[in-house]
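Single-letter residue listing:
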Amino acid sequence: MSVVDTITGLTRPSATRAPTATGDPFAPRGLAKVLTHLIAAVCALVTMFPLYAMVVLSLRRPGAIEFPASLVPWDLSGESFARIFATPEVWRWMVNTLVYALVSVVLILLISAMAGYAFAKRRFKGREVMFWSLVSMLMVPYQVTLIPLFILVARSGGVDTYWGLILPGLANVQAVFLMRQFIMGIPDDLIEAARIDGCGDWRIFARIVLPLCKPILATLGIFVFLWHWNDFLWPLLVGQDPAMRTLTTGIASLQAEQIPLSQVFAGSVVAFVPIFLAYLVGQRYITDNAVAVGIKG
Amino acid sequence: MTTIERRARRGRSLSPGWIGLGFVLPCFLLFLMFRFGPAIAGVLLSFANYTVGGNLEWKGLLNYQRLIADPGFLNALRVTLVYTLISVPLTIAAATGLALLTRRAFRGARLYRSIFFLPVVTSLILAGVVFTWIFSSGGPWSTVLSAFGFPVTDWLESGTFALPAVALVGVWTRFGYGVLIILARLQEVPRELEEAAVVDGAGPWRRFRHVVLPQLRPAVFFLVIIETTFSFQAFDTIYVMTSGGPVDATYSLVFDLYQESFVNFDFGYAGAIGVVLFVLTLVIALIQRATLGRES
């Protein structure tokens, strides 16, 4: 299977990797090994089944999903995709989602890296108070802030605008926290040396701190992308005009309308493919760091 | 002019304290405007009423009085708790089982783990769309159940089974994260400990029971907290799968908050629901702190 090869081929060794088969005295052998494989394979198939069904059903002819629907991939047709892509709105949703995710990634990385640098390496009045009041907000569920946030954005004319969609999400406390933790690990000597050479703060930040932050920036970038790409509630509130929907809210609206199921699934596949590719490419990054990044921010 | 002199001049013209502040400012302003401010406003709003026209009317505890007498809210509270009671134990059980299964290095172990994590990065909306089809009558779920002799029904249209159905989708979307957390913990179990147990003559079961399992407690505890908070916020899948129905069977707290605010425009009342959600989350976090404090 090519997908299998792609995943295994791209995985890189990492700190949390389990010991190799030869080095692990407890690795299953004989019957235990067969049983382990059997159970794991069944669980993997069950896990994959909904995604498999989504792809196969998206390739059915529109209107041909009757029950019980066959999930054997024969007599496939790209008609549902053709119809989905022939809808101008769907292209608009794709652009909206891309703008929402990519602009958020760039700005959140920049803003949180700057704040992380100052919180980790600069002394200034109110630093501790600012930082801990920021972190305390991790405790407050997003839904508490949701209504005032919406009223604020709506009254400022932010409904159906990109800035209304993007701006509130830039206040990402988790990102600032992670950046600060990482930058604290950069040796002070390095920064002092640059300062003695006459570098100002901005140059120290741009030339020394940022390049050293590449691993955490990549990790955070992937996660911020995933969060925004999959985000639903905020785009649902802000994008009231059908042209301002994202893929998630667009698909939810397709689901609510009575359009053929194969087309809803085709739209779902369109929304899923970038996530799947990002996962294939950045799989090690994602699984190794999900523990540190925690859940949705 | 030497570099030291230049540094001194720079220091006079722009105090270093201001520079640090400048770096934090964009982040802090965004934070004040879009997080801190709205959080305070959210709590205040729960004691008032806000109309679409923009009038704020002080109500004191009226919203909360209404809340505890509102069968709709009490139902939402019950739905959220049942959802949590179904999905959290199942998520953690599945995660622990699969982490232990794929813990050992064997060919394919990493591939299995990758597959288990895939649902975590999948959007909840896509999960909702696919599972709506899976649970529909004549769909895969009822086919499997009827093979075991259960009657064929659409679970999402059943007052009894709709809530377990959306809770099961919650399990599918979350267990992969649990696998990762448990695996990370397992990798910290010193192998010497297990090898010593083997030398002492412990079989696989006793090794598991007395060496591995006790080490898992902090990870499982962490997962209980995280997954419970996550379950409290169930919304996306419910929105696409059932819209709270049938007859309020899946009408969760966040769904209630959404309905009261953005469908009924009863912002103050919805704000009170938000505060209840906040308090619930806080209680869970306090229990975590208290229990972890006792353990260490």
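Only a predicted model underlies this, so the values are computations on that prediction, with no experimental measurement involved.

Colleague: Looking at this model, I keep getting lost on the overall build of chain A. Mind explaining?
Modeller: Secondary structure assignment for chain A yields 14 helices and 0 strands. Reading chain A from its N end, one meets helices and strands in the order α-α-α-α-α-α-α-α-α-α-α-α-α-α. Out of the 297 residues in chain A, the part that is buried amounts to 53%. Across chain A, every contact between residues at least 6 apart in sequence was considered, and the portion connecting residues at least 24 apart equals 73%. Per element, the accessible surface of chain A, about 13,200 Å² overall, is 68% carbon and sulfur.

Colleague: What am I meant to see in the overall build of chain B here?
Modeller: Secondary structure summary: chain B contains 13 helices and 2 strands in total. In terms of overall size, chain B is more extended than a compact globule, its C-alpha atoms giving a radius of gyration of 26 Å where 296 residues would be expected to give roughly 19 Å. C-alpha extents for chain B along the principal axes are approximately 75 × 60 × 35 Å. The long-range fraction of contacts in chain B, counting pairs at least 24 apart against all pairs at least 6 apart in sequence, stands at 66%. Looking at chain B as shown, the accessible area adds up to about 13,500 Å², and 66% of this sits on carbon and sulfur atoms. Of the charged side chains in chain B, 23 are positive and 17 negative, and the gap between their average positions amounts to 14 Å.

Colleague: I keep staring at the state of the cysteines and nothing clicks. Help me out?
Modeller: Such a bond, covalent and formed between the sulfur atoms of two cysteines, is termed a disulfide. For the structure on display, the rule yields 0 disulfides over all chains. Considering cysteine sulfurs only, Cys27(B) is the nearest to Cys213(A), which forms no disulfide, with 15 Å between them.

Colleague: What should I look at first to understand the side chain of Ser58(A) in this one?
Modeller: When you line up the elements, Ser58(A) lands in helix α2 (residues 30-58). When near neighbours in sequence (up to four residues on either side) are disregarded, Ser58(A) contacts Ser77(A), Ser80(A), Phe81(A), Ser262(A), Phe265(A), Ala266(A) and Val269(A).

Colleague: Would you explain helix α12 (residues 253-263) of chain B in this entry?
Modeller: Helical periodicity: at 3.6 residues per turn, an α-helix aligns residues three or four positions apart in one direction. Residues and elements named next belong to chain B. In terms of burial, α12 is a largely internal element, 10 of the 11 residues being buried. Looking only at α12, the buried set comprises Leu253, Val254, Phe255, Asp256, Leu257, Tyr258, Gln259, Glu260, Ser261 and Phe262. One or two positions beyond α12, positive phi appears at Phe265, with a value near 55°.

Colleague: Any chance you could explain the packing of helix α13 (residues 247-256) of chain A against helix α6 (residues 124-135) of chain B here in plain terms?
Modeller: Helix-helix packing is characterised by the crossing angle of the two axes and by the distance between the axes. Closest axis-to-axis distance for the α13(A)/α6(B) pair is 9 Å, and the angle between their directions is 20°. Judged by the angle between their axes, α13(A) and α6(B) are roughly parallel. The way α13(A) lies across α6(B) gives a crossing that is left-handed. In this structure, α13(A) uses Thr248(A), Ile251(A), Ala252(A) and Gln255(A) to contact α6(B), whose residues at the interface are Ile125(B), Leu126(B), Val129(B) and Thr132(B). Residue composition of the contact of α13(A) with α6(B), by class: 5 nonpolar, 3 polar and no charged.

Colleague: Mind showing me how you'd approach the UniProt feature "domain: ABC transmembrane type-1" (unreviewed entry) in chain A here?
Modeller: Within this structure's numbering, the places UniProt gives as "domain: ABC transmembrane type-1" (unreviewed entry) are residues 94-282 of chain A. For residues 94-282 of chain A, the end-to-end C-alpha separation is 22 Å, with 77% helix and 0% strand making up the annotated structure.

Colleague: Just to check I follow, could you spell out a nonpolar patch on the surface for this structure?
Modeller: Residue and element names in this part refer to chain B. Among the surface-exposed residues, Leu25, Leu29, Leu32, Phe36, Ile40, Leu44 and Trp58 lie close enough to one another that they form a single nonpolar patch of about 670 Å² accessible area. In terms of residue count, the dominant contributor to the nonpolar patch is helix α2 (residues 16-45) (6 residues). Structurally, the position occupied by Ile40 is in helix α2.

Colleague: How should I be thinking about the UniProt feature "transmembrane region" (unreviewed entry) in chain A in this particular structure?
Modeller: All names here are of chain A. As annotated by UniProt and renumbered to match this structure, "transmembrane region" (unreviewed entry) occupies residues 38-59, 98-119, 131-155, 161-183, 204-229 and 264-282. What you have in residues 38-59 is 95% helix and 0% strand, and the ends, taken at the C-alpha atoms, are 30 Å apart. Between the C-alpha atoms that bound residues 161-183 there is a distance of 34 Å. The span itself is 70% helix and 0% strand.

Colleague: Just checking my understanding: could you explain the UniProt feature "transmembrane region" (unreviewed entry) in chain B for this structure?
Modeller: All names here are of chain B. Following the UniProt record, one finds the feature "transmembrane region" (unreviewed entry) at residues 21-48, 81-102, 114-135, 161-183, 216-235 and 267-287. Along residues 21-48, the helical share is 89% and the strand share 4%, with 36 Å between the first and last C-alpha atoms. What you have in residues 114-135 is 91% helix and 0% strand, and the ends, taken at the C-alpha atoms, are 26 Å apart.

Colleague: Quick question: what am I supposed to make of the interface of chain B and chain A here?
Modeller: How large an interface is tends to be reported as the accessible area lost when its parts come together. Taken together, the contact pairs 95 residues of chain B with 107 residues of chain A. Buried surface at the junction of chain B and chain A, summed over both partners, amounts to about 8,800 Å²; 78% is from carbon and sulfur atoms. When the buried surface of chain B facing chain A is broken down by residue, Phe23(B), Arg35(B) and Trp133(B) rank first, second and third, together holding 10% of it. Our enumeration of links across chain B and chain A arrives at 0 salt bridges. Taken together, chain B and chain A are joined by 8 residue pairs in polar contact (both at pLDDT 80 or more). By residue number, the principal contributor to the side of chain B that touches chain A is α2(B), which donates 22 residues. For the side of chain B that touches chain A, the class distribution of residues is 60 nonpolar, 21 polar and 14 charged.

Calculation rules
Residues numbered from 1 in each chain as written. Chains lettered and ligands numbered in written order. Predicted model: local features only at pLDDT ≥ 70, side-chain atom pairs only at ≥ 80, totals over all residues. Heavy atoms only, no water. Helix = DSSP H or I, 4+ residues; strand = E, 2+ residues; numbered from the N terminus. Buried < 20%, exposed > 50% of the residue type's maximum accessible area, 1.4 Å probe, protein only. Contact = heavy atoms within 4.5 Å. Areas by Shrake-Rupley, 256 points an atom, 1.4 Å probe, with all protein chains shown as cover. Rg over C-alpha atoms; globule rule 2.2 N^0.38 Å. Lys, Arg positive; Asp, Glu negative; His and termini not counted. Charge placed at Lys NZ, Arg CZ, Asp CG, Glu CD. Disulfide = S-S within 2.5 Å. Axes fitted to C-alpha atoms, helices over the stretch in contact; angles between N-to-C directions. Parallel < 35°, antiparallel > 145°, perpendicular 65-115°, else oblique. Left-handed = near helix turned anticlockwise from the far one by under 90°. Nonpolar A, V, L, I, M, F, W, Y, C, P; charged D, E, K, R; others polar. UniProt positions renumbered as here; feature names shortened; annotations may be inferred. Patch = residues over 30% accessible without salt bridge, like charges linked within 9 Å, V, L, I, M, F, W, Y side chains within 5 Å. Salt bridge = Lys/Arg side-chain N within 4 Å of Asp/Glu carboxyl O. Buried area = accessible area lost by both parts, 1.4 Å probe. Polar contact = N/O pair within 3.5 Å; in protein donor to acceptor, adjacent residues only side chain to side chain.

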